[in-house]
Structures are given as structure tokens and as C-alpha cells.
Amino acid sequence: QVQLVESGGGLVQPGGSLRLSCAASGSIFGINVMGWYRQAPGKERRLVATITSSYNTNYANAVKGRFTISRDNAKNTVYLQMNSLKPEDTAVYYCYVTRGFEYWGKGTLVTVSS
């Protein structure tokens, strides 16, 4: 089994920055894709960004140029650097990992408001 623990969420003003972290533990051998999804109030859960074990990245159009995903394989950790945050970025952000099955973190709340 794989357990995921997210951290780094909080309240930030528009235009500000925040960095999310997600550490994987348990049966971590063979982890392929790591990434982040988010669910805004009244919206469906949507993909934000993914990164493969070979560091190929994919971003939702809404965050391209503002968010950067990265991973540290030695630490089994994926990060999401969020810059130029907008109110519409407000959501619960969920860590996502694949190892044959999909695994999800419990989520961390990001609120962008003045």
C-alpha cells in the first residue's frame, strides 16, 4: 500500500505564491506518475499537473506558466510551486500517485483571497 501526506496549503493573497509538498510512504517501489488534482467549491475534481518518473510534465491550461511541478525520487516527494495565484485557484489540492493502482492524499486547502 501507498500512503500520501500533503502539506503547504493555506491562505494567500492574489498574486502570491505557495508551495505544496506530498510525501509518499509504504510500498513505494515502482511509483510511476505523481501529480496534483484540485477540487474547487461546486466543481469537479480536475487535474492540475503530473510528472512521470522520467520527469516529463503535463499541466492544465489554467495553470500553465504559473505552476511548476517537480519531484524528488530519493525522497519520494512531489512538489507544486504555485505563483501568481488567482482567486479561481482556490480549491482543495490532492496528491496523486500511480503504482498499478491510483492512490490519493487527503487533500490540503488553498485559499486565494484578499
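Our structure is the block above this text.
Residues numbered from 1 in each chain as written. Predicted model: local features only at pLDDT ≥ 70, side-chain atom pairs only at ≥ 80, totals over all residues. Heavy atoms only, no water.

Q: So what exactly am I meant to see when it comes to the state of the cysteines here?
A: Here, the word disulfide means a covalent bond between the sulfur atoms of two cysteines. For the coordinates displayed, the defined rule picks out one disulfide. Two residues share a disulfide in this structure: C22 and C95, whose sulfurs sit 2.0 Å from each other. Looking down the S-S bond of the C22 and C95 bridge, the torsion is -90 degrees, so its handedness is left-handed. Separated by 73 residues along the polypeptide, C22 in strand 3 (residues 18-26) and C95 in strand 9 (residues 91-99) bring together distant segments of the chain. Both residues of the pair, C22 and C95, belong to the buried class. (Disulfide = S-S within 2.5 Å. Helix = DSSP H or I, 4+ residues; strand = E, 2+ residues; numbered from the N terminus. Buried < 20%, exposed > 50% of the residue type's maximum accessible area, 1.4 Å probe, protein only.)

Q: Which parts of the structure should I look at to understand the sheet that holds strand 1 (residues 2-7)?
A: Strands in a sheet are paired, the pairing made by backbone hydrogen bonds, and the direction either parallel or antiparallel. Across the sheet, four strands lie side by side as 1-3-8-7; this open sheet has antiparallel pairing. Each end of this open sheet is capped by a strand with a single partner; those strands are strand 1 and strand 7 (67-72). Averaged over all pairs of adjacent strands, the angle between their axes in this sheet comes to 15 degrees, without regard to strand direction. As defined by bridge partners, strand 3 adjoins strand 8 (residues 77-82) across six bridges and the pair is classed as antiparallel. (Pairing = 2+ DSSP bridges. Axes fitted to C-alpha atoms, helices over the stretch in contact; angles between N-to-C directions.)

Q: How should the pattern of salt bridges be read in this particular structure?
A: When charged atoms on two side chains of opposite charge get close, those side chains can pair. Going through the model one piece at a time under the given rule, you end up with two salt bridges. Among the ionic pairs, D89 bridges to R38, the shortest N-O distance being 3.0 Å. Within this pair, whereas D89 is found in the loop between strand 8 and strand 9, its partner R38 is found in strand 4 (residues 34-39), the two being separated by 51 residues in sequence. For the residue pair D89 and R38, the accessibility class agrees, reading buried in each case. (Salt bridge = Lys/Arg side-chain N within 4 Å of Asp/Glu carboxyl O.)

Q: I would appreciate a short explanation of the nonpolar core in the present structure.
A: Where a protein is soluble and globular, its nonpolar side chains tend to be buried together. Counting 28 residues, the largest nonpolar core has W36, L80, M82 and Y93 as its most contacted members. Among the secondary structure elements, those contributing two or more residues to this core are strand 1, strand 3, strand 4, strand 5 (46-51), strand 7, strand 8, strand 9 and strand 11 (108-112). Aside from chain neighbours lying at most four places away, what touches M82 is G16, S17, L18, L20, R66, F67, Y93 and V110. (Core = buried A, V, L, I, M, F, W, Y, C linked by side-chain atoms within 4.5 Å. Contact = heavy atoms within 4.5 Å.)

Q: What is the right way to look at the pairing of strand 8 in this model?
A: Each regular strand shows side chains that alternate between the opposite faces of the sheet. Counting buried residues along strand 8, five of its six residues qualify, which places the element largely inside the surrounding structure. Bridge analysis of strand 7 against strand 8 gives six bridges, and the strand direction is antiparallel. Within strand 8, the position partnered with D72 by the bridge is T77. The hairpin formed by strand 7 and strand 8 contains four residues between the paired strands, and N76 there has a positive phi angle of roughly 55 degrees.

Q: Would you take a moment to explain the environment of G105 for this structure?
A: With respect to the helices, strands and loops of the structure, G105 is situated in the loop between strand 10 (101-104) and strand 11. For the pair G105 and Q81, spaced 24 residues apart in sequence, the C-alpha separation works out to 17 Å. Not counting chain neighbours up to four residues away, the residues in contact with G105 comprise L4, E6, Y94 and C95.

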